[in-house]
Amino acid sequence: MDQSAIDRFFVQTPLLASLCTQNGWPDSDSLKVEVLERTVAGVVCAVSFDEILVEGAGCVAGRVPCWGRFRLDVDPAGQVVHAERDS
């Protein structure tokens, strides 16, 4: 699995929301993904991004840095078949 496929997966997955702490949403423009480990089954990645916080009127109220680790299992074609937060 190449870096661009990993980046595309994280831009599209709703799993990043599990790292948000203020009921905001992940800013894909600030997303950074680092592969920490490659195995036969997949990869372990560290991710970081800004959580966008919005006021009641819909204006951006702030940003909160978020980070975490995920384990991705991939099939022989390089497609993610399972993903979960890694401790």
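Just so you know, these numbers come straight off a predicted model, no measurement behind them. (Residues numbered from 1 in each chain as written. Predicted model: local features only at pLDDT ≥ 70, side-chain atom pairs only at ≥ 80, totals over all residues. Heavy atoms only, no water.)

(A) Region of interest: the environment of K32. Positionally, K32 belongs in strand β2 (residues 32-38). Residue K32 is classed as exposed on the basis of its relative accessible area of 55%. Placed 16 residues apart in sequence, K32 and S48 show a C-alpha to C-alpha distance of 5.3 Å. Other than its neighbours up to four places away in sequence, K32 contacts A46, V47 and S48. (Helix = DSSP H or I, 4+ residues; strand = E, 2+ residues; numbered from the N terminus. Buried < 20%, exposed > 50% of the residue type's maximum accessible area, 1.4 Å probe, protein only. Contact = heavy atoms within 4.5 Å.)

(B) Just the nonpolar core, in detail. Ranked by internal contacts, the top residues of the largest apolar core, which has 16 residues, are F10, L16, V47 and L72. Sorting the residues of this core by element identifies α1 (3-12), β3 (42-54) and β4 (60-74) as the ones contributing at least two each. The element contributing the most residues to this core is β3, with 4 residues. Excluding anything up to four places from it in sequence, F10 contacts L16, L31, V33, C45, V47, F70 and L72. (Core = buried A, V, L, I, M, F, W, Y, C linked by side-chain atoms within 4.5 Å.)

(C) Structural context of unusual backbone geometry. Here N23, not a glycine, exhibits a phi torsion of approximately 65°, which is positive. Looking at where N23 falls in the secondary structure, it is placed in the loop between α1 and β1 (25-26).

(D) Summary view of the pairing of strand β5 (residues 80-86). Examined bridge by bridge, β4 and β5 share 6 bridges and lie antiparallel to one another. Note that in β5 the partner of D73 across the bridge is H82. Counting the residues that bridge the hairpin from β4 to β5 gives 5 residues, and of these G78 lies at a positive phi of roughly 90°. (Pairing = 2+ DSSP bridges.)

(E) Expanded view of the state of the cysteines. Per the stated rule, a full pass over the model turns up 0 disulfides. Here C45 stays unpaired: no disulfide links it, and the sulfur of C66, its closest cysteine neighbor, is 17 Å away. By relative accessible area, C45 is classed as buried at 0%. Between C66, a cysteine without a disulfide, and C20, which holds the nearest cysteine sulfur, the sulfur-to-sulfur distance is 4.8 Å. The class for C66 is buried, based on a relative accessible area of 4%. (Disulfide = S-S within 2.5 Å.)

What is shown is where atoms sit, not what they do.
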